[in-house]
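# A closer look at the structure
Chain residues, written in single-letter form:
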Amino acid sequence: MAWTTPRQDPDRSRRRLQLLAELAGARAVRQRSRPQRQRTERLRQLIATRRRVTG
């Protein structure tokens, strides 16, 4: 019996590539939003510290 490689369904392959691209895009957005979140948290801490010192 000869070994043959199964041919991939082109539609399935296209959907898989599209899904991977969407996941990569979502990952990039999350990584971009993290620094903003960290800056916001740091600013809140500074405001709270200042209120304690002046209050």
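This text goes with the structure placed above it.
I will try to describe carefully the structure that is included in this document. The numbers attached to residues start from 1 for each chain and follow its sequence in the written order. Residue-level local features of this predicted model are given only where pLDDT is at least 70; pairs of side-chain atoms are given and counted only at 80 or more, and the full residue set underlies all totals for whole chains, interfaces and linings. Where side-chain values are given, they derive from all heavy atoms of the structure, hydrogens and water being excluded.

Starting at the N terminus, helices and strands are each numbered in turn, a helix being any DSSP run of H or I of at least four residues and a strand any DSSP run of E of at least two. Of the regular secondary structure elements, the protein chain holds one helix and zero strands. Three labels apply to residues, based on accessible area from a 1.4 Å probe with only protein chains included: buried if under 20% of the type maximum, exposed if over 50%, partly exposed otherwise in between. Counting across all 55 residues of the protein chain, residues that qualify as buried make up 0%.

What follows deals with the pattern of salt bridges. Should their charged atoms come close, side chains of opposite charge can pair. A side-chain nitrogen of Lys or Arg and a carboxyl oxygen of Asp or Glu constitute a salt bridge if their distance falls within 4 Å. For the structure shown, the criterion picks out two salt bridges. Residues Asp11 and Arg14 are paired through a salt bridge, measuring 2.4 Å at the closest nitrogen-oxygen approach. Taken together, the positions of Asp11 and Arg14, both in helix H1 (residues 10-54) and three residues apart, correspond to about one turn of that helix. Close ionic contact of Arg15 with Asp11 constitutes a salt bridge, the shortest N to O distance being 2.8 Å. Residue Arg15 and its partner Asp11 are both found in helix H1; the two are separated by four residues, about one turn of the helix. What makes Asp11 partly exposed here is its relative accessible area of 33%.

What follows concerns a positive patch on the surface. On the surface, a cluster of positive charge is made up of Arg27, Arg30, Arg34 and Arg37. Tracing the backbone through its elements, the reader meets Arg27 in helix H1. Two distance rules govern patches: like charges are joined within 9 Å, and nonpolar side chains (Val, Leu, Ile, Met, Phe, Trp, Tyr) within 5 Å, applied only to residues with over 30% relative accessible area and no salt bridge. Each accessible area is a Shrake-Rupley result for a 1.4 Å probe, and residues are judged covered by the shown protein chains and nothing else. His residues and chain termini do not enter the charge count, which takes Lys and Arg as positive and Asp and Glu as negative. Charge placement uses NZ in Lys and CZ in Arg. For Asp and Glu, CG and CD serve respectively.

The next thing to look at is a nonpolar patch on the surface. A contiguous nonpolar patch, built from Leu17, Leu19, Leu20 and Leu23 and spanning about 380 Å² of accessible area, is present on the exposed surface. As for its position among the elements, Leu17 is in helix H1. A relative accessible area of 54% means that Leu17 is categorised as exposed.

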